[in-house]
Each structure stands twice: as C-alpha cells, then as structure tokens.
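Chains, contacts and geometry: an overview
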Amino acid sequence: MAEPPEIRIGTAEREDAMKRLSDHFAAGRLSVAEFDERSGIVAAAMTRGDLAKVFTDLPDPVSEKPAPVAKRSGFGTQWPERVMPVVPILCVILFFVTHQWWIFLLIPLAGAVLFGGRDNMRRREYRDQRRRDRRDRRDERRGY
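The following paragraphs examine the structure supplied in this document. What you are looking at is a predicted structure, and each value in this text was computed from that prediction instead of being measured.

The rules behind each value
- Residues numbered from 1 in each chain as written.
- Predicted model: local features only at pLDDT ≥ 70, side-chain atom pairs only at ≥ 80, totals over all residues.
- Heavy atoms only, no water.
- Helix = DSSP H or I, 4+ residues; strand = E, 2+ residues; numbered from the N terminus.
- Expected span 1.5 Å × (residues − 1).
- Buried < 20%, exposed > 50% of the residue type's maximum accessible area, 1.4 Å probe, protein only.
- Arc of directions from axis to C-beta.
- Contact = heavy atoms within 4.5 Å.
- Polar contact = N/O pair within 3.5 Å; in protein donor to acceptor, adjacent residues only side chain to side chain.
- Phe/Tyr/Trp six-rings, centres within 6.5 Å; stacked < 30°, edge-to-face > 60°.
- Lys NZ or Arg CZ within 6 Å of the ring centre and 35° of its normal.
- Core = buried A, V, L, I, M, F, W, Y, C linked by side-chain atoms within 4.5 Å.

**Let's talk about helix α1 (residues 11–26)**
- Here α1 spans 22 Å end to end across 16 residues, near enough to the 22 Å set by a 1.5 Å rise per residue.
- Those residues of α1 that fall on the buried side of the exposure criterion are R14, A17, L21 and H24. Along the axis of α1, the buried positions cluster into a sector of 80°, meaning they face one direction only. Those residues of α1 that are exposed and angled more than 90 degrees off the buried face are T11, A12, E15, K19 and A26.
- For α1, the elements touching its buried residues are α2 (32–44) and α3 (48–54).

**Quick word on the side chain of R38**
- Here R38 lies in helix α2.
- A polar contact of 2.7 Å, which involves the side chain of R38, links it to the backbone oxygen of V54.
- Here R38 is in contact with L21, L30, V54, D57 and L58, once residues within four sequence places are set aside.

**Observations regarding the packing of aromatic side chains**
- For the structure shown, the criterion picks out three aromatic pairs.
- Within the aromatic cluster, the residues linked to one another by ring pairs are F95, F96 and F104.
- Looking at R20, its charged tip hangs above the ring of F55, at a distance of 4.1 Å from the centre.

**A word on the nonpolar core**
- Within the largest apolar cluster, 11 residues are counted, these being I9, A17, L21, L30, F35, V42, A45, L51, V54, F55 and L58.
- Put simply, the parts of the chain that give this core at least two residues each are α1, α2 and α3.
- Contact partners of I9, with chain neighbours within four places excluded, come to R14, A45, M46, T47, R48 and L51.
- Listed in part, the six residues of the second largest apolar core include M84, V87, I103 and L114.

This is the structure in structure tokens:
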C-alpha cells in the first residue's frame, strides 16, 4: 500500500533518490543543468511528495537480474577433474601388484562414475534458465 506523500523523509530516502537521479543522469536521460536543478530539489525535499515531483517524467528503475553465482575454483568444484588423472596411475600400480589385467577396466568405469551426471545437470540448468527468461518476458509484457 502506498504511503501518503505528506510523510516526512530522512537522509536515507534522500540518498536513495540521489542515487536514482545519478543513475538517470548516467543513462543520459538528464542534462547537467537538469541534474543540478533536480539534485537541489532532492537535497531540500522534506516529504515524499517533494521527491515524487523530481521523478515524474523519468521511467521507473529497471530491476536488475541477479548476477549468476560464480562457482568456487577450489577443490570442492573440480574434484572429478583432479581425481581422474590419478585413476590410471592407481590401475597400473594395482596391475603390477595383483597381475590382473581387468584392473584397467576401472579407468572407464571411474570416468563414467565421476562425469556421468554432468550432462543432466547442464540440461537442467539450461531448462531452468529458459523458464526464468520466459517468466521475465511474460512479466514485462504484463507490466509487473
């Protein structure tokens, strides 16, 4: 529910309004003279109505999509890539110890176990991203 424009504002609201005004200036919607004039009005504003007058002819701020979370580069995210080169070495050692040829069948088995589910994860991430994009486009059309 929107609050009445007569509500007094504080420093935090003025700083937020200045940031939004600066964003509009950076986007090229305001000239230097307009920015100076409007920033003076924001600095002297006492109520929400005073701030609203500054933004009447400017578009609403576009909500930014959250940045994708970067995967950690530590051991936790790359352990299959680090383990797989060790598997053939272990197989050779086990072959010389046990003299059993079938030990080398563990190499492709380890690859299947370590890397088998990756394509499914990629497909799932791609599908989820497409769903989010479709929902965002639908919301933009509806004006949300």
